[in-house]
Amino acid sequence: MSDVLSVNREHKDTVFRMIYRDREELLILYNALNGTDYEDPEQLTVTTLENAIYLKNDVSFLLDSRMMLYEHQSTWNPNIPLRDLFYIARLLEKYVNERGNSLYSSALIRLPEPRFVVFYNGLRNVEDDFSLKLSDSFKRTEGDPALELKVRVLNINPGSNPELMKKCRTLREYSEFVARVRKCVKEEASLADAVERAVTECIREGILEGFLRSQRSEVVAMSILEYDREEELKKLRNAEYENGRMEGKAEGKAEALLLILGLRGDVPAWLKARIRGKTDPALLESWLMAAADTKTISGFLDKTGLKPNEKESRMDGMPVL
């Protein structure tokens, strides 16, 4: 692999992004999807937003008068059309400004055609190739929506989309690698041991061999983070479901948060009381995300800036400073 391109580093990296930072591999994937035969990676212009802290996209690029947005998902998210809408608006604004175009000009501004693709390899049972539409989220629609955005979703689990996998060896081998990690996790007591074993087996069997040999330590670290994050999101969803709460209600989010924190250690009485006393779903949602991204109670407190007041300190027999 050569000519590594830069992608959004503000977010935790993934193995998928690591693979497709390589322009040659990205061009092969594009050709496989579109039936083209481009050979020069220099024809591909990366447009991924580098500092989009609140907008995530794995890689976006310009080629053949198209603006492609590719994203990998291992957990199901039906809101990707809305997220892509926000992202493409930023990209097109940047595209127009860089060329000195004026929105008030009498001349029509020519734009690249946006195309949105999600590569899905989660455990949800989905079709091989289908679309998610922005209009699916509209509370009310009448006839042809005035605003629409369609995202092509491709199932890249083993056995799905065989023609695409045949055309793109790296995508097929990435699919095989993820499946091997999941298999090893079921058989090993330690997540780290499971990932190390999966990487070793794949190298031995020629699955992503060159990539895994050269990037082994980073791949192991990223795979552990990805799998752990995937499991945490499952726990968050299950916690809300088990508490019989609809998503968005403060009570359900509070109990989900306490369940996750309980996995991190002993939750102080003052913190339990504080969480259960909150009625703002948005605030509790932000605390949920902080809990999912930390491994200890103290780490959660550091992330959120929470600390007991004088009255709360007495709940745990803490000295009042």
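Residues numbered from 1 in each chain as written. Predicted model: local features only at pLDDT ≥ 70, side-chain atom pairs only at ≥ 80, totals over all residues. Heavy atoms only, no water.

**Structural notes on the pairing of strand β3 (residues 66-73)**
Remark: a regular strand shows side chains that alternate across the two faces of the sheet. Note the threshold: Per-residue accessibility, obtained with a 1.4 Å probe over protein chains only, is compared with the maximum for each type, and a residue is labelled buried under 20%, exposed over 50%, and partly exposed between these values. A run of H or I in DSSP counts as a helix once it spans at least four residues, and a run of E counts as a strand once it spans at least two, with each numbered from the N terminus. For two strands to count as paired, DSSP must find a minimum of two bridges between them. When the strands point away from the viewer and the path from the first strand over the helix to the second turns clockwise, the crossover is right-handed.
Among the 8 residues of β3, 8 are classified as buried, and the element is accordingly described as predominantly covered. Taking every second residue as pointing to the same face, both faces of β3 are buried, with Arg66, Met68, Tyr70 and His72 on one and Met67, Leu69, Glu71 and Gln73 on the other. Relative to β3, strand β2 (residues 59-63) runs antiparallel, the two being bridged by 5 bridges. Paired with Val59 across the two strands is Tyr70, which belongs to β3. Taking the residues that link successive antiparallel strands as the turn, the β2-β3 hairpin has 2 residues, and the phi of Asp64 there is positive, at about 60°. By the bridge criterion, 8 bridges tie β3 to strand β4 (residues 113-120) in an arrangement that is parallel. Bridged to Gln73 within β4 is Tyr120. Each parallel crossover has a hand, and for β3 linked through helix α3 (residues 80-98) to β4 it is right-handed.

**With respect to the confidence of the model for the protein**
Convention followed: The quantity called pLDDT is the predictor's confidence in a given residue, expressed from 0 to 100. Any two residues whose heavy atoms approach within 4.5 Å are treated as being in contact.
Per-residue confidence for the protein gives a mean pLDDT of 85, with 85% of residues at or over 70. Counted against residues more than four places away or in other chains, residues 1-12, with its pLDDT under 50, gives 46 contacts. The model gives residues 244-248 a pLDDT under 50, and that stretch makes 7 contacts with residues more than four places away or in other chains.

**Some details on the side chain of Gln73**
Among the secondary structure elements, Gln73 is positioned in strand β3. We classify Gln73 as buried; its relative accessible area is 7%. In contact with Gln73, other than residues within four places in its own chain, are Ile80, Arg83, Val118, Phe119, Tyr120, Asn121 and Gly122.

**What to know about the pattern of salt bridges**
Our working definition: Basic side-chain nitrogens of Lys or Arg form a salt bridge, by our definition, when they fall within 4 Å of a carboxyl oxygen of Asp or Glu.
Summed over the entire model, instances satisfying the criterion amount to 17 salt bridges. A salt bridge links Arg115 to Glu113; the shortest N-O distance between them is 3.6 Å. For Glu113, a relative accessible area of 39% translates into the label partly exposed. Glu188 is paired through a salt bridge with Arg197; the nearest N and O atoms lie 3.1 Å apart.

**What about the side chain of Ser60?**
Along the chain, the position of Ser60 falls in strand β2. Setting aside residues no more than four positions away along its own chain, Ser60 makes contact with Thr45, Val46, Thr47, Thr48, Met68, Leu69, Tyr87 and Leu91.

**What about the packing of aromatic side chains?**
To keep it simple, the criterion reads: Only Phe, Tyr and Trp rings take part, Trp by its six-membered ring, and two of them pair if their centres are within 6.5 Å. Stacked means planes under 30 degrees apart, edge-to-face means over 60, and tilted covers everything else.
A full pass over the atoms with the stated rule returns 9 aromatic pairs. Their ring planes at 50° and their centres at 5.0 Å tell us that Phe16 and Tyr20 sit as a pair that is tilted. The same class applies to Phe16 and to Tyr20, which are both buried. Pairing Trp76 with Tyr120 gives two aromatic rings, centres 5.5 Å apart and planes at 85°, and the pair type is edge-to-face.

**Overview of a negative patch on the surface**
Short version of the rule: Each patch is built from salt-bridge-free residues with over 30% relative accessible area, joining like charges within 9 Å and nonpolar side chains (Val, Leu, Ile, Met, Phe, Trp, Tyr) within 5 Å. Computed with a 1.4 Å probe, the accessible areas rest on the Shrake-Rupley method; for each residue, only the protein chains presented here act as cover. Under the counting rule used here, the positive set is Lys and Arg, the negative set is Asp and Glu, and His together with the chain ends is not counted. Note that the charge is assigned to NZ on lysines, CZ on arginines, CG on aspartates and CD on glutamates.
Residues Asp37, Glu39, Asp40 and Glu42 make up a contiguous surface patch of negative charge. Relative to the helices and strands, Asp37 resides in the loop between α2 (23-34) and β1 (45-46).

**Focus on the environment of Asp40**
Turning to its location among the elements, Asp40 is positioned in the loop between α2 and β1. Judged by relative accessible area, Asp40 falls into the partly exposed class, the value being 37%. Measuring from C-alpha to C-alpha, the distance between Asp40 and Arg23 comes to 9.2 Å, with 17 residues separating the pair along the chain.

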